[in-house]
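Listed below are the residues making up each chain.
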Amino acid sequence: MAIGGGSAMDVAKCVKLYAKADTNEHLLSQKDCYVDIPFAVLPTTAGTGSEATRFAVIYEHGEKQSVASEHFIPDMVLFSPSTLELLPMKQRKATFLDALSHAVESYWSVNANKESRIYAGEAMRLLMANTGYIETPEKFGRHDILQYAAYLAGKAINISQTTAGHAMCYKLTSLFGLPHGQAAFLCVVRLWRYMQSVESMQTVLGEIAGCMGYEKSEAA
């Protein structure tokens, strides 16, 4: 059982995958050495989506490595909204932006399908309707909604994967120490501005803007 944020869940995924691996060989090159035991997670933030994905991110000598396995998807996800109540504002904002980045990137991904866009669209609607989580946390009482929104965004990227925003953001974290969610969203904003000049992206950007509660992509 993994209890924590994305890093804790990703470590647990790799423990399960490599518990029986040959330590004399490079772990990332080995296949089918996972331990077939029940796997449960309890996320303590609302943003990473790791509780819903077949992906894990680890670092080897400071370089980001992405590991994928169907065995990573937990058998059980437990939500305890009270774990969000005492999160520092920095953590609230970074994970909120990570979830929003997941939803946006999943929606505009070339791998998106009808199912992933249903998840991503609903995640965006829930996140944008509950910004009190990062604006007036002392008055915010629906932490369960944020955990569910992050979970939906995770289910979306489990289908579509993330895009250039996440591919680029890891360097901002490793080189400059920016929180992952903040780094991802900075890249998403830049990508959005770039894609506004791409004719074929106008319909998708308009749909994303609608999910976020705006009439035009410029406003979003």
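Q: Describe the nonpolar core, listing the residues and the values that go with them.
A: Ranked by internal contacts, the top residues of the largest apolar core, which has 37 residues, are W108, M124, Y133, L146 and I208. Counting residues per element, the ones that place at least two in this core are α2 (89–108), α3 (114–128), α4 (132–135), α5 (143–160), α7 (180–195) and α8 (202–211). Setting aside residues no more than four positions away along its own chain, L146 makes contact with A46, L84, F96, L127, N130, Y133 and F140. Counting residues in each nonpolar core, the second largest holds eight residues, with C14, A21, C33 and F72 among its members.

Q: Hey, could you go over the packing of aromatic side chains for me, with residue numbers and the actual values?
A: Within this structure, the stated rule accounts for three aromatic pairs. Seen from their ring centres, W108 and W192 are 6.2 Å apart, and the 70° between their planes marks the pair as edge-to-face. With W108 in helix α2 and W192 in helix α7, this pair connects stretches of sequence that are 84 residues apart. The same class applies to W108 and to W192, which are both buried. Here the guanidinium or amino end of R117 rests over the ring plane of Y107, the centre of that ring lying 4.9 Å away.

Q: Give me the sheet that holds strand β5 (residues 76–77): which residues, what numbers.
A: As a general point, the strands of a sheet are linked pairwise by backbone hydrogen bonds and lie either parallel or antiparallel. The three strands are arranged β1-β2-β5 in an open sheet whose pairing can be described as parallel. Looking at the sheet topology across the chains shown, the edges are occupied by β1 (2–4) and β5. When β1 meets strand β2 (residues 40–43), the two strands line up parallel, connected through three bridges. Following the sheet pairing, G4 is matched in β2 by P43. Packing against the sheet, helix α1 (residues 6–18) makes contact with β1 and β2, and its axis sits at approximately 160° to β1.

Q: Describe the pattern of salt bridges, listing the residues and the values that go with them.
A: If you walk through the whole model with that rule in mind, you get four salt bridges. Across the pair E63 and K171 runs a salt bridge whose closest N-O atoms are separated by 3.6 Å. Taken together, the residues E63 in strand β4 (residues 63–68) and K171 in helix α6 (residues 164–176) connect sequence positions 108 residues apart. The residue E122 makes a salt bridge to R125 at a minimum N-O spacing of 3.3 Å. Highlighted residues: E122 and R125, both in helix α3, separated by three residues, approximately one helical turn.

Q: An account of the pairing of β4 is needed here, citing residue identities and associated values.
A: Inspection of the sheet shows strand β3 (residues 55–60) paired to β4 by six bridges, in the antiparallel sense. Looking at the pairing, F55 lines up with A68 of β4. Counting the residues between successive antiparallel strands, the hairpin from β3 to β4 contains two residues, one of them, H61, with a positive phi of roughly 55°.

Q: Give a detailed account of the packing of α2 against α7, specifying residues and quantitative values.
A: Contact pair α2 / α7: the axes reach a minimum separation of 8 Å and the direction vectors enclose 35°. As α2 packs across α7, the resulting crossing turns out to be left-handed. Together, A94, L97, D98, L100, S101, V104, E105 and W108 of α2 and H180, G181, Q182, A184, F185, V188, L191, W192 and M195 of α7 make up the contact between the two elements. Grouping the constituent residues of the contact of α2 with α7 by class yields eleven nonpolar, four polar and two charged.

Q: Tell me about the side chain of D98, and please be specific about residues and values.
A: Structurally, D98 can be placed in helix α2. Buried and without a salt bridge, D98 has K64 as its closest oppositely charged side chain, separated by 11 Å. Every residue in contact with D98, bar those within four places of it in the chain, is listed here: G47, T48, H166, H180 and G181.

Scoring rules and cut-offs
- Residues numbered from 1 in each chain as written.
- Predicted model: local features only at pLDDT ≥ 70, side-chain atom pairs only at ≥ 80, totals over all residues.
- Heavy atoms only, no water.
- Core = buried A, V, L, I, M, F, W, Y, C linked by side-chain atoms within 4.5 Å.
- Buried < 20%, exposed > 50% of the residue type's maximum accessible area, 1.4 Å probe, protein only.
- Helix = DSSP H or I, 4+ residues; strand = E, 2+ residues; numbered from the N terminus.
- Contact = heavy atoms within 4.5 Å.
- Phe/Tyr/Trp six-rings, centres within 6.5 Å; stacked < 30°, edge-to-face > 60°.
- Lys NZ or Arg CZ within 6 Å of the ring centre and 35° of its normal.
- Pairing = 2+ DSSP bridges.
- Axes fitted to C-alpha atoms, helices over the stretch in contact; angles between N-to-C directions.
- Salt bridge = Lys/Arg side-chain N within 4 Å of Asp/Glu carboxyl O.
- Left-handed = near helix turned anticlockwise from the far one by under 90°.
- Nonpolar A, V, L, I, M, F, W, Y, C, P; charged D, E, K, R; others polar.
- Lys, Arg positive; Asp, Glu negative; His and termini not counted.

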